[in-house]
Amino acid sequence: MKVLVINTSLRPFSPVKLFPIGLGYVMTAMKRVGFDFDLLDIDAYRYSDAQVEKLIRKKEYDVICMGCIVTGYRIIKSLAALIKLIHPKSKIIVGNSVATSIVDILLSKTETDIAVMGEGDETIVELLKTISENGRLEDVRGICFKKDGKIIKNSLRQAIKDISVLPSIDLSIFDIEIYIEASKYTVNEPLPVPREQIRSLQVNTSRGCIASCSFCYQVFKGYPYRFRNADSVINEIKKLIETYAINYIVFSDELTFFSKKQLSEFLDKILASGLSFYWAASCRGNLFTNEEDIEIIKRMKKSGCVSMSYSLESADPDILKMMKKHVGSEQFSRQTKMFAAAGLPTVTSLVLGYPQETPETIRKTIDCCIENKLYPSVGYLLPQPGSEMYDYALEHGIIKDQEEYLLKMGDRQDLLVNFTKMSNEEFQSQVLTQLKRCNESLQIGLDEKNLIKTLFLRSKKK
């Protein structure tokens, strides 16, 4: 059976190239059980549409696997149509949140044959074995598929309980130096070394999140939050340092640290390992609550931490309640001041545009950023399918045609839908005015041309 795996490119004109961790785990699982496959890494090489078509035509394939987050629906639809034109008998398998969150649309509106739901490590192996043996797709848990014009939804697969036992991603599958070279564009300032000296890769320490924010959807939503033990993470980092001379690790999780006990154990392992590397991660916005916690933050800095991210999103209590953040601006500010006292930089993000948003709430949120001397990553509310705010948008007629909306989805700096009572022009004007004020108050020194672009695009995950 001839298999092709495609890594799509969501931002083909950006210098940022984020290593596809989810796809890496899936392909590692495929390789470990003996499946041979070709990789078409569009994002690494930034192939043109013509080049992609030429490479897909190069060989006959029985199965083609791909996937991305739901904002890339239009890319998946276009690629699936091209694949069926070239290889009409091939099976197209799609995973990640574009499959999990909109499976009915994906299977009814595109040429996709099979959608992998949720965690794909075990599902893809069983699915490929079933296809190669002409078995029954109905027996494969965790998939939906088309059969005789109908969509068949199988039972979900249980989550992998201990993700510490999963093998590290086999990086030899990729031209990994392309991602390492591009990594210098993915790390935030202040930089611990000159940018040209940075050799960074992403590492996952967990799957899922303990929160359930109303604007958010991620592929592990509905699964329990799981985290790897510290030994497995340290062993992976040691291998990256020895094999690829990595000096900066980005813990690319929805949430890296959820408790001080978990964090302390991790810091103990880093400090005992003798490894020297810089790292950045994420934590809860109210993880640190008292002055004694400053000592833990200092230990983080000693272990190589150069940045910690946690989200404010809004300073308005009514908006935070609708977001289901469960972290108030007072708690956020208290934690930020402790990080400042320990001398460790922090990064935060804002989501603007909930129904309660007004010029006053925007100002209040920016006031909180200025007070805490934080330069935020800012984005408009972009409701994700599978989230509460997406359902809200459907119920209130804000999104009228789901596929039309999906085809237009992009990055969150674009105002795609407006939940507020302000006109689009007033809303965007208010945001720009407050961002200018933030820029001037913090003396960042951005000119107006780069202000929105820089503030909105700092966050690469959102």
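Every value quoted in this text rests on a predicted model; they were computed, and no experiment measured them. Numbering of residues starts from 1 in each chain and follows the order in which that chain's sequence is written. Only residues with pLDDT of at least 70 are given local features in this predicted model, and only at 80 or more are side-chain atom pairs given and counted; all residues enter the totals for whole chains, interfaces and linings. The basis for every side-chain value is the complete set of non-hydrogen atoms in the structure, without hydrogens or water.

## Points about the pattern of salt bridges
For side chains of opposite charge, pairing can occur when their charged atoms come near one another.
Part 1: Salt bridge, as used here: a side-chain nitrogen of Lys or Arg that lies within 4 Å of a carboxyl oxygen of Asp or Glu. Tallying each qualifying case throughout the model produces 27 salt bridges.
Part 2: Across the pair Lys153 and Asp104 runs a salt bridge, and its minimum N-O distance is 3.0 Å. Of this pair, Lys153 sits in strand E7 (residues 150–153) while Asp104 is found in helix H6 (residues 103–109), placing the two residues 49 residues apart along the sequence.
Part 3: Three exposure classes are used, based on accessible area relative to the maximum for each residue type with a 1.4 Å probe and protein chains only: buried under 20%, partly exposed in between, and exposed over 50%. Residue Lys153 is classed as partly exposed on the basis of its relative accessible area of 49%.
Part 4: Using a relative accessible area of 38% as the deciding quantity, one classes Asp104 as partly exposed.
Part 5: The salt bridge involving Asp139 is made with Arg136; its shortest N-O contact spans 3.2 Å.
Part 6: Residue classification places Asp139 among the partly exposed positions, given a relative accessible area of 47%.
Part 7: Arg136 gets classed as partly exposed once you look at its relative accessible area, which sits at 49%.
Part 8: It is possible to trace a salt-bridge network through shared partners that takes in Glu119, Asp121, Arg207 and Arg226. Put simply, DSSP marks the helices as runs of H or I at least four residues long and the strands as runs of E at least two long, and each gets a number from the N terminus on.

## Things to note about unusual backbone geometry
Part 1: With an omega of 0°, the peptide bond running from Glu189 to Pro190 counts as cis.
Part 2: Position of Pro190 among the secondary structure elements: in the loop between helix H8 (176–182) and strand E8 (200–203).
Part 3: Positive phi is not limited to glycine here, since Asp148 has a value of about 55°.
Part 4: Positionally, Asp148 belongs in the loop between strand E6 (143–147) and E7.

## Re the environment of Gln434
Part 1: Looking at the element boundaries, Gln434 is found in helix H17 (residues 424–442).
Part 2: For Gln434, a relative accessible area of 5% gives the class buried.
Part 3: Gln434 sits 163 residues away from Leu271 along the chain, and the two C-alpha atoms are 42 Å apart.
Part 4: Residues are treated as being in contact if the distance between any of their heavy atoms lies within 4.5 Å. Leave out the neighbours within four places in its chain, and Gln434 touches Ile362, Arg363 and Ile366.
Part 5: Of the polar contacts made by the side chain of Gln434, one reaches the side chain of Arg437; its length is 2.7 Å. Within 3.5 Å is the distance limit for a polar contact, defined as a pair of N or O atoms, with the added protein rule that one can donate a hydrogen and the other accept it, and that residues adjacent in sequence qualify only through two side-chain atoms.

## Digging into helix H7 (residues 121–132)
Part 1: To estimate how far a helix should reach, multiply one less than its number of residues by 1.5 Å. Helix length check: H7 (12 residues) gives 17 Å between terminal C-alpha atoms against 16 Å at 1.5 Å per residue, within 8%.
Part 2: All of the buried residues in H7 are Asp121, Thr123, Ile124, Val125, Leu127, Leu128, Thr130 and Ile131.
Part 3: Looking at the packing, one finds that the buried side of H7 touches helix H1 (21–32), strand E3 (63–67), strand E4 (91–95), strand E5 (114–116), E6 and strand E9 (206–207).
Part 4: Once H7 ends, the next one or two residues include Asn134, with phi positive near 55°.

## Comments concerning the side chain of Glu403
Part 1: Inspection of the secondary structure puts Glu403 in helix H16 (residues 402–408).
Part 2: Residue classification places Glu403 among the buried positions, given a relative accessible area of 14%.
Part 3: The residues contacting Glu403, other than those within four sequence positions of it, are Tyr73, Lys77 and Lys109.

## Let's talk about the sheet that holds strand E2 (residues 38–41)
Part 1: Here, any two strands with at least 2 DSSP bridges between them count as paired. Read across the sheet, seven strands follow the order E2-E1-E3-E4-E5-E6-E7 without closing on themselves; strand pairing throughout is mixed. In this open sheet, the two strands that pair with only one neighbour each are E2 and E7. Looking at each pair of strands side by side, their axes are set apart by 20° on average, direction ignored.
Part 2: With three bridges connecting them, E5 and E6 associate as antiparallel partners. From the neighbouring strand, Ala115 faces E6, where its bridge partner is Cys144.
Part 3: Helix axes are fitted to C-alpha atoms over the stretch in contact, other axes to C-alpha atoms as well, and angles between N-to-C directions run from 0 to 180 degrees. Running over the sheet, helix H4 (residues 73–86) touches strand E1 (3–7), E3 and E4 and is turned about 170° from E3.

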